[in-house]
Amino acid sequence: MKKTVEPMTTGPIWKRITMFAMPIFLGNLFQQLYNTVDSLIVGNFLGSDALAAVSSSGTLIFMLIGLLSGVAAGAGVIIANLFGAGDFENLQKAIHTTVALGLASGAVMTYVGVRFSPQILKWMDTPESVMPDSVTYMQIYFAGAMALVMYNVFVGIMQAVGDSRHPLYFLIVSSVVNLVLDIVFIKFMHTGVGGAALATVISQAISAILCLVELLRTDDAYKLYISKIRFHKAQLKEIIRIGLPSGVQNSIIAIANVVVQSQINGFGAAAMAGTGAFSKIEGFGFLPITSFNLALTTFVGQNLGAKEYERTKKGARFGILASVISAEIIGIVMFILAPELIAAFDSSPEVIAIGVAKTRTSTLFFFLLAYSHAIAAVMRGIGKATVPMIVMLVFWCIVRVSFLAITIPLTHSIQMLYWVYPLTWSLSSLAFAYYYLKSDLVYK
């Protein structure tokens, strides 16, 4: 086997991390744009109730796919480490085990999502006025869950070996497809929120197929062979060891967010639409966080595999700083432009007021969100995924839910739902800062 993709173990640190992160940033930007297009088209053509249905579904979707996403991240750490070490035999085993795990998980995800989403939406106290649209959106979305799962698996493999360009190209294609299908299904065919879900499923399937073709046709060390897709016990054990804590972390965050969404639902459709509009623009604040975090995990994994310990520490410092600064800049811009951004989704004065209040409570604290995620990314890269899992469990789940359980009955104020996020970001950042300063995160 050969290694034609340039590893991140050589060259200027800032350049390697930035050049790897930029295609991820652009790819996530296109993905966020087409997610936003869904909401813009739904909100403007179908109204506030339809926007509320799509927005409330997003939290549940993340809860159900969060566990798998974390396990896939664990697989990426293993693949990056083996690629950096030049261990191509075990690299092949890890790749084909990851794909096998994705196929099995996708089948389970499809069944669970289609079968149980109506009941979960009821548990979330979804208003009756938006329940039919929410169920329709969820069931169509999860009927195509296999495409979403396999796309994330294929992209994770490519990014772990340092290829962030091809995922960008494929996301651009799927974004254009999604935009066109949204307009056709909703505006011209009048399919309602089901059309928005179907457009998303089709575009994700196209992305997954393009990724699969690239992995099958490459001559590099990470080439995929259909006949070799199977579970390898040693690699599966390592993927679960590193990935399961990340998956549990994602699920913990998602479960807490479902509790928050349930509280939001109790304030009515306008609150759901306003906070839902914020969640779409908030996604843009996550772009530098996600991009630098993936770059950090890959950089740390590859350099530890190559035993470049000092280079690993320098790269971690640069990646954390870059993530924090870029996220805060976006947060400031969103703070200033909040009324215009929320109004683009829904022109209702009540929805705009709620969305602006949520935006201007959270966005100036994006640097804390970025810091927590960046430290967690470094820990995943070195195989210490349990620490961020514990921190997130304590602050982003237990503290977050407890805060709401106490304050909402006492105050009956939606403001408490706005402030719970900056509060828990602050606490997790303090915990991560203490651990980062007191521990040597590089030497295992």
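Just so we're clear, the structure is a prediction, and the values are computed from it rather than from any experiment. (Residues numbered from 1 in each chain as written. Predicted model: local features only at pLDDT ≥ 70, side-chain atom pairs only at ≥ 80, totals over all residues. Heavy atoms only, no water.)

**Re the nonpolar core**
Move 1: Counting residues in each nonpolar core, the largest one holds 55 residues, and the members touching the most others are Ile-79, Leu-91, Phe-142 and Phe-154.
Move 2: Ranked by the residues each element gives to this core, the list is headed by helix 2 (residues 48-85), at twelve residues. (Core = buried A, V, L, I, M, F, W, Y, C linked by side-chain atoms within 4.5 Å. Buried < 20%, exposed > 50% of the residue type's maximum accessible area, 1.4 Å probe, protein only. Helix = DSSP H or I, 4+ residues; strand = E, 2+ residues; numbered from the N terminus.)

**Notes on the packing of helix 6 (residues 165-188) against helix 7 (residues 193-217)**
Move 1: With their axes 8 Å apart at the nearest point, helix 6 and helix 7 run at an angle of 155° to one another. The angle between helix 6 and helix 7 places the two elements in the roughly antiparallel class. The handedness of the crossing between helix 6 and helix 7 is right-handed. Of the residues in helix 7, those in contact with His-166, Phe-170, Val-173, Ser-174, Val-177, Asn-178, Leu-181, Asp-182, Phe-185 and Ile-186 of helix 6 are Gly-195, Ala-196, Leu-198, Ala-199, Thr-200, Ile-202, Ser-203, Ile-206, Ser-207, Leu-210, Cys-211 and Glu-214.
Move 2: Looking at the contact of helix 6 with helix 7, its residues break down into 13 nonpolar, seven polar and two charged. (Axes fitted to C-alpha atoms, helices over the stretch in contact; angles between N-to-C directions. Parallel < 35°, antiparallel > 145°, perpendicular 65-115°, else oblique. Left-handed = near helix turned anticlockwise from the far one by under 90°. Contact = heavy atoms within 4.5 Å. Nonpolar A, V, L, I, M, F, W, Y, C, P; charged D, E, K, R; others polar.)

**Comments concerning the packing of aromatic side chains**
Move 1: Counting across every chain of the model gives six aromatic pairs.
Move 2: Relative to Tyr-141, the ring of Tyr-137 lies with its centre 6.2 Å away and its plane at 25°, an arrangement referred to as stacked. Residue Tyr-137 and its partner Tyr-141 are both found in helix 4 (residues 131-143); the two are separated by four residues, about one turn of the helix. The residues Tyr-137 and Tyr-141 share a single accessibility class, namely buried.
Move 3: Seen in terms of ring centroids, Tyr-421 and Trp-425 are 6.2 Å apart; in terms of plane orientation they differ by 50°. Their pairing is tilted. Of the two residues, Tyr-421 and Trp-425 both sit in helix 15 (residues 415-438), four residues apart, roughly one turn of that helix. Trp-425 matches Tyr-421 in its accessibility class, with the two residues each being buried.
Move 4: Taken together through their ring pairs, the aromatic side chains of Tyr-137, Tyr-141 and Phe-142 make up a single cluster.
Move 5: Lying across the ring of Tyr-225, Lys-228 places its NZ or CZ 4.3 Å from the centre.
Move 6: The ring of Phe-335 is capped by Arg-360, whose NZ or CZ atom sits 5.3 Å from the centre of that ring. (Phe/Tyr/Trp six-rings, centres within 6.5 Å; stacked < 30°, edge-to-face > 60°. Lys NZ or Arg CZ within 6 Å of the ring centre and 35° of its normal.)

**Topic: a nonpolar patch on the surface**
Move 1: The grouping of Leu-321, Ile-325, Ile-329, Ile-332, Val-333, Ile-336, Leu-337 and Leu-364 at the surface amounts to a nonpolar patch, some 700 Å² of accessible area in total.
Move 2: Within the fold, Leu-321 resides in helix 10 (residues 309-336).
Move 3: Residue classification places Leu-321 among the exposed residues on the basis of a relative accessible area of 52%. (Patch = residues over 30% accessible without salt bridge, like charges linked within 9 Å, V, L, I, M, F, W, Y side chains within 5 Å. Areas by Shrake-Rupley, 256 points an atom, 1.4 Å probe, with all protein chains shown as cover. Salt bridge = Lys/Arg side-chain N within 4 Å of Asp/Glu carboxyl O.)

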